[in-house]
Amino acid sequence: MDKRKELLKLCGNMEQLAGVRRIEYQDGRASGLRCVLVENGVLEFPLMLDKCLDPAWLRYRGMNMSFLSKPGLQGRNAYDTAGEEAVYSIMGGAMFTCGLGNVHGCRRIGGTDYPTHGRIRTTPAEKVSMDAFWDGGEYRIRVTGEMREARLFGENMVLRRSVETVYGSPWIRFVDVIENQGAEPQPLLILYHCNAGYPFLSPGARILVPELSCAPRDSEAERGMEDRLRMEGPEDGCPEQVFQYTLAADAEGNTFGAVVNDGLELALCIRWNVRSLPFMTQWKSRASCDYAMALEPANCGLNGRAGEAQVLEAFGTYVNELQFSVVEGREAIRELEEECRRLCIRM
């Protein structure tokens, strides 16, 4: 008996097991925040319609794996893009998309102000569609939408995103197609801020990456170079540390980074292609109440727009594919470690 017939004989409606539907928060700063809640049987994540279709949180078999900052869930507000004030709107989440004009801290470049982590992370989605359907023997869930970053006499950039998962599978796939719909070339900066948090992230957790090189952002990160791959316990007032890596990849350019919790026998693995995202930034925050670790595939260095930014030609397109997956069990984690060794040996 095929999987579809077997499941449909056991339950009359697949929403008993998995599905997708719109929700809206009604309390506090989250009031008005619209999401598409996806449940695939093992993973649960809400894609924020008001914020670039980014996942607000990620739960695996009911356990939280992502970081939620002190401001908490929030809808769109006046300080989303208000320079330094934008930090009051950074809620973390399983991932937030930084770009498309800036990916790092608030900066003024060429007479233009660029807010912290850019504007695309708080841009609402348009042309949203969602579906859950049988595709052969797989029950597939798919959400798509479009975000536009544009201004009069300036850029006209469109990010079209497709998010997909399959019932019973521990992975989510994001495919972004970015188009310059203007008649002039434009700088393009993008960084995917993928955030792990408690209880998945706890003292003793570690980072697994096929490292070729690593550079500290500043003197504070330089002091933490030796212990950068290990997460210690929280410490009051501990400053953040930021590192930037280049990673080994296979013949097609595929690479990965993972946060591993050996005690839980779980790993959160992020996969991407270095041909489109050649860098990975690691954000390590041990500060009490701001306890988080992020892996951040990016197309630019630590200087962002002030450095050598990629330029997207007029009417050109740029494609990224990013996959989240949860790896469970000691043997599966050992296989990740072996993959990491093979990639490094290859280089």
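See the structure printed just above.
Let me sum up the structure you'll find in this document. Throughout this document, residue positions are counted from 1 along each chain, in the order its sequence is written. Only residues with pLDDT of at least 70 get local features here, since the model is predicted, and only at 80 or more are side-chain atom pairs given and counted; chain-wide, interface and lining totals rely on the full set of residues. As a rule here, side-chain values come from all non-hydrogen atoms in the structure, and water together with hydrogens is ignored.

### Some points on the side chain of glutamate 146
Short version of the rule: Only runs of H or I of at least four residues qualify as helices and only runs of E of at least two qualify as strands under DSSP, and these elements are numbered from the N terminus. Any pair of nitrogen or oxygen atoms within 3.5 Å is treated as a polar contact; in protein, a donor-acceptor pairing is required on top of that, and neighbouring residues in sequence qualify only through side-chain atoms on both sides. We call two residues in contact whenever any of their non-hydrogen atoms come within 4.5 Å of each other.
Relative to the elements of secondary structure, glutamate 146 occurs in strand 12 (residues 138–150). Here lysine 127 takes part through its side chain, which lies 3.2 Å from a polar atom of the side chain of glutamate 146. If sequence neighbours within four positions are ignored, glutamate 146 has contacts with Pro124, Ala125, Glu126, Lys127, Val158, Leu159 and Arg160.

### Some remarks on helix 3 (residues 330–346)
Definition in use: Every helix has an expected span of 1.5 Å times one less than the residues it contains. The classification of residues rests on relative accessible area computed with a 1.4 Å probe and restricted to protein chains. Under 20% of the type maximum is buried, over 50% is exposed, and intermediate values are partly exposed. Throughout, the arc means that of the directions going from the helix axis to the C-beta atoms.
Helix length check: helix 3, at 17 residues, gives a terminal C-alpha distance of 24 Å against a target of 24 Å (1.5 Å per residue), a fit within 8%. By the burial criterion, the buried members of helix 3 are Ile333, Leu336, Glu337, Glu339, Cys340 and Leu343. Taken end-on, helix 3 shows its buried residues confined to a sector of 155°, consistent with a single buried face. Exposed positions of helix 3 whose direction lies more than 90 degrees from the buried face are Arg330 and Ile345. Summarising the contacts, the buried residues of helix 3 are in contact with strand 16 (206–208), strand 19 (254–261), strand 20 (266–273) and strand 24 (317–328).

### With respect to the nonpolar core
Across soluble globular proteins, nonpolar side chains show a tendency to be buried alongside one another. We count it as follows: Side-chain atoms within 4.5 Å are what join buried Ala, Val, Leu, Ile, Met, Phe, Trp, Tyr and Cys residues into a set we call a nonpolar core.
Ranked by size, the top nonpolar core spans 65 residues in total, and within it Ile178, Leu322 and Phe324 carry the most contacts. When residues in this core are grouped by element, the largest group, five residues, is from strand 15 (residues 186–196). In this structure isoleucine 178 touches Leu100, Met157, Val158, Leu159, Leu188, Ile190, Leu312, Gly316, Thr317 and Tyr318, once residues within four positions along its chain are discounted. If you look at the next biggest cluster of nonpolar residues, it comprises twelve residues, including Leu208, Ala248, Phe256 and Ala267.

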